[in-house]
Amino acid sequence: MCIRDRSTGEHVLMSLEPPSARPTKLMRMFQVSRHLVLCKWGEHPQKGELEDNSSVMELIQRLLSKGHMKAAFAIAEVCGLDISGVQALWMDRVTQLLDLGMYTEAGDAFSHLRGTYLEDALGYLRNVVEGAPLSSGFRAHKGTGGQYSIRNVPEKDVPALLTHKRNGITALLRRFGTRIDLLGFFVRVGDLGAATAIALDSCKDHKPEVISLYLQPMVERGSSEVLRSVIKDRDPTLAAMRPLVELCCSHLDKTRNLNELYSWQRWMHDYALSAHTATLLSQSESKFETKLEYLKEADTYLVEAKLQPTMKLAHPPFADDGVELPLLTNRMDHQKIQL
């Protein structure tokens, strides 16, 4: 619409913007300025700088780069922008904080992520746990202009740095992850006590995860003896640990890892199943001497199973490292014991 300017006599183009839109723009300008004041932002946009979304996004990017996530999200909401775009920008900051080992700041950043972006951030954290060696020594260093970089630390500072890294990742996983995330992390860093506690609580509802993240790695590393020691230290009677031990034996049986299964059954003093597994081992053995040895052990455990009123999952109180049973020398001894 064109009108004539009385002072100049020229025709000027008049905006067709409805009157109701002007107060809305003024209110938006006021709210944006208010959020900038609250975050102590020095540069305030001029009247025309919030007319298009690209200018608003530039302002939001600058705010995010300085860590003003609350103001960035609030301004995006005031200006009617898609919050997911801001989430994506903030996700970049989360990954940078994790790379720098700034876990406290990363935790604050995590709390502003929602939905798939939170899952993506957790996925990145899992990759940090799995990919970066925990023995690497680095520290975030703040340089000129407030920019951070990673620098190597002296060897004497590495233990303290690793403690900081473990504590930081553990705190993030406890706050935003799952018990299974914690289980995998504790196994990786060798904290078997904490891993065993989680595995016991999770072995009923998360059997595949407990097997793949906890039991299988220990078996593959040849660390079954270490695992049994941790379990026994936690519960010498094995009464509370029975579900976890049974899951382990069931997995070894399904995968036909008979040697490992045999070691667990003897450690548990499950003589009946030890005799059965020893028989299976004798059938798969090619050497006659070894086959005969397994058969003698099976014979011994069968006798002991008959003398055993109930299956004992723990070592007897008078033994520390198990009970050494005598081998039967002939069938007459076997008959006498049966009587």
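Scroll up a little and you will see the structure.
Residues numbered from 1 in each chain as written. Predicted model: local features only at pLDDT ≥ 70, side-chain atom pairs only at ≥ 80, totals over all residues. Heavy atoms only, no water.

## Here's the deal with the overall build of the protein
Item 1. A tally of helices and strands in the protein yields 16 helices and four strands.
Item 2. Across the 339 residues of the protein, 39% fall into the buried class.
Item 3. The contacts in the protein between residues at least 6 apart in sequence include a share of 54% that link residues at least 24 apart.
Item 4. Accessible surface computed for the protein: about 20,200 Å², of which carbon and sulfur atoms make up 54%. (Helix = DSSP H or I, 4+ residues; strand = E, 2+ residues; numbered from the N terminus. Buried < 20%, exposed > 50% of the residue type's maximum accessible area, 1.4 Å probe, protein only. Contact = heavy atoms within 4.5 Å. Areas by Shrake-Rupley, 256 points an atom, 1.4 Å probe, with all protein chains shown as cover.)

## Remarks on the pattern of salt bridges
Item 1. Across all of its chains, the model carries four salt bridges by this definition.
Item 2. Notably, a salt bridge pairs Arg179 with Asp201, separated by 3.2 Å at the nearest N-O pair. With Arg179 in helix 8 (residues 179–189) and Asp201 in helix 9 (residues 192–202), the pair connects residues that are 22 residues apart, well separated along the chain.
Item 3. Taking the shortest distance from any N to any O, the salt bridge between Arg242 and Glu246 comes out at 2.7 Å. With Arg242 and Glu246 both in helix 12 (residues 242–254) and four residues apart, the pair spans about one turn of that helix. (Salt bridge = Lys/Arg side-chain N within 4 Å of Asp/Glu carboxyl O.)

## A word on the environment of His112
Item 1. As for its position among the elements, His112 is in the loop between helix 5 (103–110) and helix 6 (115–131).
Item 2. In the structure, His112 is positioned 22 residues away from Trp90 in sequence and 8.4 Å away in space, judged by C-alpha atoms.
Item 3. Dropping the residues within four chain positions of it, His112 is found in contact with Met69, Lys70, Phe73, Gln87 and Trp90.

## Overview of the packing of aromatic side chains
Item 1. Tallied over the entire structure, the rule returns six aromatic pairs.
Item 2. Here Tyr262 and Tyr301 contribute two aromatic rings whose centre-to-centre distance is 6.4 Å and whose plane-to-plane angle is 80°, an arrangement assigned as edge-to-face. Of this pair, Tyr262 sits in helix 13 (residues 258–268) while Tyr301 sits in helix 15 (residues 288–307), and the two are 39 residues apart along the sequence. We note that Tyr262, like Tyr301, is buried.
Item 3. A centroid spacing of 5.9 Å and a plane angle of 15° characterise the contact between Tyr271 and Tyr301, whose relative ring orientation is stacked. Residue Tyr271 is located in helix 14 (residues 271–284), and its partner Tyr301 is located in helix 15; the two are separated by 30 residues in the primary sequence.
Item 4. Overall, Tyr271 belongs to the buried group, its relative accessible area being 6%.
Item 5. Put simply, the rings of Tyr262, Tyr271, Tyr294 and Tyr301 touch in pairs and so form one group of aromatic residues. (Phe/Tyr/Trp six-rings, centres within 6.5 Å; stacked < 30°, edge-to-face > 60°.)

## A closer look at the packing of helix 9 against helix 11 (residues 224–234)
Item 1. Following both chains from N to C, one finds helix 9 and helix 11 inclined at 70°, their axes separated by 10 Å at the closest point. The angle between helix 9 and helix 11 falls in the class roughly perpendicular. Only Val226, Leu227, Val230, Ile231 and Arg234 of helix 11 make contact with helix 9, whose side of the interface consists of Leu192, Gly193, Thr196 and Ala197.
Item 2. Within the contact of helix 9 with helix 11, the residues separate by chemical class into six nonpolar, two polar and one charged. (Axes fitted to C-alpha atoms, helices over the stretch in contact; angles between N-to-C directions. Parallel < 35°, antiparallel > 145°, perpendicular 65-115°, else oblique. Nonpolar A, V, L, I, M, F, W, Y, C, P; charged D, E, K, R; others polar.)

## A look at helix 3 (residues 69–78)
Item 1. For helix 3, the tally of buried residues reaches seven of 10 residues, placing the bulk of the element in the interior.
Item 2. Taken together, the buried positions of helix 3 are occupied by Met69, Ala71, Ala72, Phe73, Ala74, Ile75 and Ala76.

## Considering a nonpolar patch on the surface
Item 1. Together, Phe288, Leu292 and Leu295 give the surface a local cluster of nonpolar side chains, amounting to about 300 Å² of exposed area.
Item 2. Position of Phe288 relative to the elements: it lies in helix 15.
Item 3. Overall, the relative accessible area of 59% leaves Phe288 in the exposed class. (Patch = residues over 30% accessible without salt bridge, like charges linked within 9 Å, V, L, I, M, F, W, Y side chains within 5 Å.)

## Comments concerning the side chain of His251
Item 1. Relative to the assigned elements, His251 resides in helix 12.
Item 2. Those residues within four positions of His251 in sequence are excluded, and the remaining contacts are Ile211 and Gln216.

## Some points on unusual backbone geometry
Most peptide bonds take the trans configuration, and most residues that are not glycine carry a negative phi.
Item 1. If you check the backbone angles, Leu238 has positive phi at about 65° while not being a glycine.
Item 2. Its location among the elements puts Leu238 in the loop between helix 11 and helix 12.
Item 3. Residue Leu238 is classed as buried on the basis of its relative accessible area of 3%.

## Points about the packing of helix 4 (residues 83–99) against helix 5
Item 1. One way to put it is that helix 4 packs onto helix 5 with a least axis distance of 8 Å and a crossing angle of 160°. Considering the angle they form, helix 4 stands roughly antiparallel to helix 5. The chirality of how helix 4 crosses helix 5 is left-handed. Of the residues in helix 5, those in contact with Trp90, Val94, Leu97 and Leu98 of helix 4 are Tyr103, Glu105, Ala106, Ala109 and Phe110.
Item 2. Per-class residue counts for the contact of helix 4 with helix 5 are eight nonpolar, no polar and one charged. (Left-handed = near helix turned anticlockwise from the far one by under 90°.)

Such coordinate-based values are descriptive only and should not be taken to indicate function.
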